[in-house]
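Okay, here's what each chain looks like letter by letter:
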Amino acid sequence: MNMLESRNTVILSYFILGFAAFTALFPLALMLLNSLKTVPEIIASPLAPPEQLVWENYANAWKHSKFSRTFMNSAVLVFLTTALVLSTGSLTAYVLARKKIKTWALVTAYLLATTTAPIQLFLFPLYFGFAHLGLINNIFAVSVVYCAIYSPFSIMLLRTYFLAVPKELEEAALVDGATPWQVFSKVYLPLVWPGMLTVALIIGMYTWNEFLIATTFLQNQESRTAIVSYFLLSGQYETNWGELMAGAVLVVMPIIILFIFLQKKFIDGITGGSVKG
Amino acid sequence: MYRLFILPTMIINIAVISIPAILTIILAFYRWDGISDPVFIGLENFERLWNDRIFWKALRNNLIWTALFLTFPIIIGLVVASLLLTVRRGSTFFQIIYLFPLVISAVISARVWQGMIYNPQSGIVALLERYGLDLYDPLSRTATALYGVAVVDLWHWWGFMAVIFFAALRQVPQEQIEAARLEGATYFQMMRWVLIPGIMPTITLMMIMTVIWSFLVFDFVYVMTQGGPASSSEVLSTMAYRRAFYELKVGNAAAIAIVISLFGLVATFFYLRLQRGEGE
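It should be emphasised that the depicted structure is a prediction, and the values quoted were computed from it without experimental measurement.

Analysis parameters
- Residues numbered from 1 in each chain as written.
- Chains lettered and ligands numbered in written order.
- Predicted model: local features only at pLDDT ≥ 70, side-chain atom pairs only at ≥ 80, totals over all residues.
- Heavy atoms only, no water.
- Helix = DSSP H or I, 4+ residues; strand = E, 2+ residues; numbered from the N terminus.
- Buried < 20%, exposed > 50% of the residue type's maximum accessible area, 1.4 Å probe, protein only.
- Contact = heavy atoms within 4.5 Å.
- Areas by Shrake-Rupley, 256 points an atom, 1.4 Å probe, with all protein chains shown as cover.
- Lys, Arg positive; Asp, Glu negative; His and termini not counted.
- Charge placed at Lys NZ, Arg CZ, Asp CG, Glu CD.
- Buried area = accessible area lost by both parts, 1.4 Å probe.
- Salt bridge = Lys/Arg side-chain N within 4 Å of Asp/Glu carboxyl O.
- Polar contact = N/O pair within 3.5 Å; in protein donor to acceptor, adjacent residues only side chain to side chain.
- Nonpolar A, V, L, I, M, F, W, Y, C, P; charged D, E, K, R; others polar.
- Axes fitted to C-alpha atoms, helices over the stretch in contact; angles between N-to-C directions.
- Parallel < 35°, antiparallel > 145°, perpendicular 65-115°, else oblique.
- Left-handed = near helix turned anticlockwise from the far one by under 90°.
- Core = buried A, V, L, I, M, F, W, Y, C linked by side-chain atoms within 4.5 Å.
- Domains from an automatic or database assignment.
- pLDDT = per-residue confidence, 0-100.
- Expected span 1.5 Å × (residues − 1).
- Bend = angle between axes of the 7 residues up to and from the residue.
- Patch = residues over 30% accessible without salt bridge, like charges linked within 9 Å, V, L, I, M, F, W, Y side chains within 5 Å.
- Phe/Tyr/Trp six-rings, centres within 6.5 Å; stacked < 30°, edge-to-face > 60°.
- Lys NZ or Arg CZ within 6 Å of the ring centre and 35° of its normal.

K.L.:
I'm lost on the overall build of chain B in this one. Help?
P.N.:
What chain B contains, in helices and strands, is 13 helices and two strands. With the C-alpha coordinates of chain B rotated into their principal frame, the extents come out at 75 × 70 × 35 Å. Expressed as a percentage of its 280 residues, the buried residues of chain B come to 59%. Taking as baseline every contact in chain B between residues at least 6 positions apart, the subset at least 24 positions apart corresponds to 67%. A total accessible area of about 12,300 Å² is found for chain B, and carbon and sulfur atoms account for 66% of it. Side-chain charges in chain B split into 19 positive and 17 negative, and the spacing between the mean points of these groups amounts to 2 Å.

As structure tokens, this is what we get:
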């Protein structure tokens, strides 16, 4: 409905959209601004610019949150989860997209149903089971839990990419005597990788940000994630809001950078499967 | 052969979700502290909940939460999406800004709001107080704690709705919009008769998901208020978590988990029907 709008309508629209953008950014601007201030300066006014930039806030946050360790843990967890989701999910997505077998409807319904299951419905036995098996503080075990939770969404998204591949390619490969595995790995995978990248970004972001499972299953300093160590830092001692905001900036930085550079993929992933045309 | 392809997904999913879920349902009929042998007590866990003031408080809070999230983010999302459609130019830029709060962890957002906005010493609230406004930290009072948390979650959430609705609106046939305009439709008429009907399936799906998500809310409440003060912002998921891991009443927690799931189940039923209705 462009072009035909009157000038005033467009100006009013931009004004409202701009106000909405301001609302979204305002708390984040406060985070960034106050991450460079001392506590007395913040108390004097959270809106005032810093008199001089207090970079020590960042160094202290890094040290006190043990980020050199916990960032690594988060990175390993993100890597393991993404690898697990992509490898198992792409196989399932391929079958659900291309093979017409009666029970698949049931599989799809089952997977959709598990996306809506509350974590509390399986958290408690899972925790005590993991404790019994000695899997608490085990990053790989947690990545398996994430894989189970994030797979259904990933499969539904990947499925649309598999559906977009022309069927004739598969048929031609089968005529040439390719095995199902060869069809999957040689014909499909090279074509669906943009979908894989989208899923990787979304799952990576979820994993980096996740709190409930991480705080329950990864308890000791050696296995804690960045989010959980930040949560613990902000819950103890006297509150130094400058340092806490610096820590917040550090934790969100990797996600924000990826988001800005790969915005289109993020938006595809976030809206994928939710829009019913 | 193809069955083999879906095996890894199914094994992981069943081991992590289905089997523990079944165990949770069984545990709801037992008394268990997580260590000693479980004792079968029939419906006692549910009877306890029925007589538990905090349970009703938490359930009520979840319903308030559902009502808030069925209205504000959906209305804001629709308005913003329709304006993005109006201006077109810059819509990608605005969408990215609106999604910033969504890609940031709830823990971080919660702390930023607590320290920089709500805090009575270091926040915007303190600043405005000095200018004579009668403000206070909403998280510190029983009457407002739940809403204080909800505002932060709304801030984090509405951009998602706007982006989803904008993606859907772009699929509404241009001819319909042009035809309505030629007949001189106002903004509200356009919304009421063209845009909203055009994306109704998406709106319905989002409303169903909102009901499900509203009963799952955990992070913001747990980080900002821990359900307090005096259980005033407790929701079912934080209550279940506390019962299981702080008070070691795992059977009791399992019973709460079943109540949460029942609400989700009803919504899921509609969700699955809608998915099937889409064909394929």
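Still to come is the rest of the account.
K.L.:
Help me understand the overall build of chain A in this model?
P.N.:
Scanning chain A from terminus to terminus reveals 13 helices and zero strands. The order of α-helices and β-strands along chain A, N terminus first, is α-α-α-α-α-α-α-α-α-α-α-α-α. Across its three principal directions, the C-alpha atoms of chain A cover 75 × 65 × 35 Å. Here the analysis covers contacts within chain A between residues at least 6 apart in sequence; of these, 72% occur between residues at least 24 apart. Considering chain A, the positive charge centre built from 16 side chains and the negative charge centre built from 13 side chains are found 10 Å apart.

K.L.:
Teacher, can you tell me more about the environment of L33 of chain A here?
P.N.:
Residues and elements named next belong to chain A. Position of L33 relative to the elements: it lies in helix 1 (residues 7-34). You can call L33 partly exposed: its relative accessible area is 26%. Note: C-alpha distance between L33 and V54 (21 residues apart in sequence) is 11 Å. Excluding its chain neighbours within four sequence positions, the residues that come into contact with L33 are P46, L47, A48, P49 and P50.

K.L.:
Even after reading the chapter, I still don't get the interface of chain B and chain A, so can you show me in this structure?
P.N.:
Interface size is commonly expressed as the accessible surface area that is lost when the partners come together. At the junction of the two partners, chain B supplies 104 residues and chain A supplies 100 residues. Roughly 9,000 Å² is buried in total at the junction of chain B and chain A, and carbon and sulfur atoms are behind 77% of that figure. At the boundary of chain B and chain A, one finds zero salt bridges. Applying the counting criterion to the chain B and chain A interface returns 17 residue pairs in polar contact (both at pLDDT 80 or more). Here the side of chain B that touches chain A takes 19 residues from helix 1 (residues 2-27) of chain B, the largest share from any one element. Residue composition of the side of chain B that touches chain A, grouped by class: 69 nonpolar, 24 polar and 11 charged.

K.L.:
I would appreciate a short explanation of the packing of helix 12 (residues 241-261) of chain A against helix 4 (residues 91-103) of chain B in the present structure.
P.N.:
For any two helices packed against each other, the geometry comes down to the angle between their axes and how far apart the axes lie. In contact at an axis separation of 11 Å, helix 12 of chain A and helix 4 of chain B are set at 150° when each is read in the N-to-C sense. In this view, helix 12 of chain A runs roughly antiparallel relative to helix 4 of chain B, as classed from their interaxial angle. Seen along the crossing, helix 12 of chain A lies across helix 4 of chain B with a hand that is right-handed. Residues I255, I256, F259 and I260 of chain A of helix 12 of chain A touch helix 4 of chain B, and the partners they reach there are I96, L99, F100 and V103 of chain B.

K.L.:
I keep staring at the nonpolar core and nothing clicks. Help me out?
P.N.:
One broad rule of soluble globular proteins: the nonpolar side chains tend to lie buried together. Formed by 194 residues in total, the largest nonpolar core has its most connected members in Y98, I108 and F165 of chain B. The leading source of residues in this core is helix 7 (residues 145-169) of chain B, at 17 residues. Each of two domains, domain 1 (7-56) and domain 2 (65-236) of chain A, supplies a minimum of three residues to this core. In this structure F165 of chain B touches I74, G77, L78, A81, I199, T202, I203 and M206 of chain B, once residues within four positions along its chain are discounted.

K.L.:
Hey, could you run me through the environment of V194 of chain B in this one?
P.N.:
Residue and element names in this part refer to chain B. Inspection of the secondary structure assignment puts V194 in helix 9 (residues 187-198). We classify V194 as buried; its relative accessible area is 10%. Each C-alpha atom of the pair V194 and A15 lies 47 Å from the other, and the pair is 179 residues apart in sequence. Look past the residues within four positions of V194 in its chain and what remains in contact with it is V172, Q176, I177, A180 and Q189.

K.L.:
Please clarify how the pattern of salt bridges should be interpreted in this entry.
P.N.:
Opposite charge on two side chains makes pairing possible when the charged atoms of those side chains draw close. Residues and elements named next belong to chain B. The tally for this structure, following the rule as stated, stands at eight salt bridges over all chains. The partner of R31 in a salt bridge is E44, with the nearest N and O atoms 3.9 Å apart. One end of the pair, R31, is in strand 1 (residues 30-31); the other, E44, is in helix 2 (residues 44-50), with 13 residues separating them in the sequence. We note a salt bridge from K249 to E247, for which the minimum N-O separation is 3.6 Å. Owing to a relative accessible area of 42%, K249 belongs among the partly exposed residues under this scheme. Look at E247 and you get partly exposed, because its relative accessible area is 36%.

K.L.:
What is the right way to look at the confidence of the model for chain A in this model?
P.N.:
Note that predicted coordinates carrying low pLDDT should not be read in detail. Averaged over every residue, the pLDDT of chain A is 91; the share at 70 or more is 95%. Confidence, expressed as mean pLDDT per element, reaches its minimum in chain A at helix 5 (residues 103-115) of chain A with 84 and its maximum at helix 10 (residues 212-217) of chain A with 96.

K.L.:
Looking at this structure, I do not really get helix 7 of chain B. What am I missing?
P.N.:
Note: α-helices contain 3.6 residues per turn, so residues at a spacing of three or four share the same orientation. Residue and element names in this part refer to chain B. The end-to-end C-alpha distance of helix 7 is 36 Å, a good match for the 36 Å that 25 residues give at a rise of 1.5 Å each. Maximum bend of helix 7: about 30°, positioned at H156. Buried residues dominate helix 7, accounting for 23 of its 25 residues.

K.L.:
Which parts of the structure should I look at to understand a nonpolar patch on the surface?
P.N.:
A surface patch of nonpolar side chains, amounting to about 540 Å² of accessible area, comprises W181 of chain A together with M1, L4, L7 and I11 of chain B. With three residues, the top contributor of residues to the nonpolar patch is helix 1 of chain B. Within the secondary structure, L4 of chain B is located in helix 1.

K.L.:
Explanation requested: the side chain of S122 of chain B in the structure shown.
P.N.:
Residue and element names in this part refer to chain B. Tracing the sequence through the fold places S122 in the loop between helix 5 (106-118) and helix 6 (124-130). Classification of S122 as buried rests on a relative accessible area of 2%. Side-chain polar atoms of S122 contact the backbone oxygen of G115, separated by 2.8 Å.

K.L.:
Can you help me understand the packing of aromatic side chains in this one?
P.N.:
Geometrically, a pair of aromatic rings is defined through the distance of the ring centres and the angle of the planes. Summed over the entire model, instances satisfying the criterion amount to 52 aromatic pairs over all chains. Ring centres of Y187 of chain B and F188 of chain B lie 5.4 Å apart, and the angle between their planes is 80°; this geometry places the pair in the edge-to-face category. Judged by its relative accessible area of 65%, F188 of chain B is exposed. Where Y222 of chain B meets Y241 of chain B, the ring centres are 5.5 Å apart and the plane angle is 75°; that geometry is what we call edge-to-face. Of this pair, Y222 of chain B sits in helix 11 (residues 219-224) while Y241 of chain B sits in helix 12 (residues 236-245), and the two are 19 residues apart along the sequence. Residue classification places Y222 of chain B among the buried positions, given a relative accessible area of 9%. Taken together, the ring pairs connect F124, Y127, F128, F130, F211, F217 and F231 of chain A together with W32, F218, Y222, Y241 and F245 of chain B into an aromatic cluster. A cation sits over an aromatic face here: R141 of chain B above Y136 of chain B, 3.5 Å from the ring centre. R192 of chain B extends its terminal NZ or CZ atom over the ring of W193 of chain B, reaching a point 4.2 Å from the ring centre.

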